[in-house]
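Report on the structure
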Number of protein chains: 2
Amino acid sequence: MARKIGSHSEITGPRIREAALRLFARHGFAAVSMRQIAAEVGVQAGTLYLYTADKQALLFDLMQDHLTELLTATSQIETGGTPTARLIAFARFHIGYHLDRPDAVFIAYMELRNLSPENFATIEHLRRRYEDRLQAILQAGSDCGEFALPDARMAGFALIAMLTGVTGWYREGGRLSRVEVQTLYAEMALRAVGRRAPD
Amino acid sequence: MARKIGSHSEITGPRIREAALRLFARHGFAAVSMRQIAAEVGVQAGTLYLYTADKQALLFDLMQDHLTELLTATSQIETGGTPTARLIAFARFHIGYHLDRPDAVFIAYMELRNLSPENFATIEHLRRRYEDRLQAILQAGSDCGEFALPDARMAGFALIAMLTGVTGWYREGGRLSRVEVQTLYAEMALRAVGRRAPD
DNA sequence: GTCTATAGTACGATAGAC
DNA sequence: GTCTATCGTACTATAGAC
């Protein structure tokens, strides 16, 4: 990966972010040095500071972009339908989206404590907006009697944790296909909220 | 917290471990320095090495002790009964035990990547033994038709993630009591595996 | 058993050459 | 736009005084 002197700003920026995402996910933000990131990209450490104000900003940007894109993508599946249909769609979307971006998901859930207070507040707000979309589905289902929920808010936390947990064990090419996992988890989610999956 | 020269080996050791547990959970293993731990205890950094070979051993011992105690405690609730009763007991135990030890739980799930390969293998084996106890309950329930499970192994992963997620949002003195949370989660777990909670 | 002091290394970030 | 070089600081771990 020897590199020559020259102008590569259009590709170096994204490459820095990709390397940081991978390294932060693998070893943790605090355990990764700017020198490691630079080595992965093939530039010197000082060069990184042309593309980020400091290490903290690099982490924040990765998390903010991930959550912003997540919210944008979620908007597309948020259209009407019964609470049951919406919950199925949410579960399938959540699993598919998260399995496609294991590193970004891992960082967004694990590196919150390495954010500055201001950055933490921003990220938490974005995450809250995402979780609220599931809460809204559960509340609607509870209100119309389609779901049997003693506590919609708690059920939301439980479902998010259950669905996100897929990223901890699923391996591409394993015993279960992605579609099978999506189907089985959606079914468990429906059962957990007191609604049998329509089949 | 000023301290004088003298002999305190019997209390310094545990205090170091308590401080390390709290700091690792709060800021992450890689982000905490030996100096910080020493300052929290009220000794100098060099003193820590009378009680631990190095920083890595400190982390490993905390995780190993937590999981060993978890397995010991689990053995007590593993006695017979129907799969339904056993799953309820497991869910209630898991939540109660984890809510009592938020720092140890957090570290055991978050700092795996900061373990050396050998230490990682040991810890993973212990965790696997714990998860197998839930898998055994689910498999038994599936075999005798008490649970409707397309895939007992996947359901085990889903339930563990759901139950452990409680530590992420539950606050003592909040809207829901610990017993209420235990009851509601056990109910969701039973529903998720295709068995209605007996009531 | 704890301290002070320090060796040896690595870090984040910056300055200035090319 | 990237490099080399470096400043100032912090780290893990150890040695030896008390």
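So, how was this worked out
- Residues numbered from 1 in each chain as written.
- Chains lettered and ligands numbered in written order.
- Predicted model: local features only at pLDDT ≥ 70, side-chain atom pairs only at ≥ 80, totals over all residues.
- Heavy atoms only, no water.
- Least-squares fit on C-alpha atoms with pLDDT ≥ 70 in both.
- Near = heavy atom within 4 Å.
- Polar contact = N/O pair within 3.5 Å; in protein donor to acceptor, adjacent residues only side chain to side chain.
- Helix = DSSP H or I, 4+ residues; strand = E, 2+ residues; numbered from the N terminus.
- Nonpolar A, V, L, I, M, F, W, Y, C, P; charged D, E, K, R; others polar.
- Domains from an automatic or database assignment.
- Contact = heavy atoms within 4.5 Å.
- Buried area = accessible area lost by both parts, 1.4 Å probe.

Note on the identical chains: chain B maps onto chain A by a rotation of 180° and an axial translation of 0.0 Å, with an RMSD of 0.0 Å. Expressed as a symmetry operation, the mapping of one chain copy onto the other fits a two-fold axis.

Another aspect to go through is the protein's contact with DNA strand D. The full set close to DNA strand D counts 21 residues, and Q44, L50 and Y51 of chain A together with R35 and Y49 of chain B are the nearest of them. Of all DNA strand D atoms lying within 4 Å of any protein atom, the proportion belonging to sugar or phosphate reaches 65%. Residue T12 of chain A places a side-chain N or O atom 2.8 Å away from a phosphate oxygen belonging to DNA strand D. A distance of 3.1 Å is found between a phosphate oxygen of DNA strand D and a side-chain nitrogen or oxygen belonging to T47 of chain A. Mapped by element, the contributors of at least two residues to the surface near DNA strand D are α1 (9-27) of chain A together with α2 (34-41) of chain B. For the surface near DNA strand D, the per-class residue count stands at seven nonpolar, 10 polar and four charged.

The subject of this paragraph is the protein's contact with DNA strand C. What surrounds DNA strand C is a group of 19 residues, the closest being M34 and Y49 of chain A together with Q44, L50 and Y51 of chain B. Here, DNA strand C places atoms within 4 Å of the protein, and 68% of those atoms are sugar or phosphate. Between Q44 of chain B and DNA strand C, the recorded distance is 2.6 Å, taken from a backbone N or O atom to a phosphate oxygen. Those elements that place two or more of their residues in the surface near DNA strand C are α2 (34-41) of chain A together with α1 (9-27) of chain B. A class-by-class count of the residues in the surface near DNA strand C yields six nonpolar, 10 polar and three charged.

With that out of the way, let us pick up the domain arrangement of chain A. Residue and element names in this part refer to chain A. The assigned domain composition of chain A is domain 1 (1-52) and domain 2 (56-192). Here domain 1 and domain 2 have C-alpha centroids that lie 29 Å from each other. Taken together, the 12 residues of domain 1 in the interface contact 13 residues of domain 2. Carbon and sulfur atoms supply 72% of the area that domain 1 and domain 2 bury against each other, a total of about 1,100 Å² over both sides. On the domain 1 side of the interface with domain 2, the three residues burying the most area are R17, L21 and F29, jointly 50% of the side's total.

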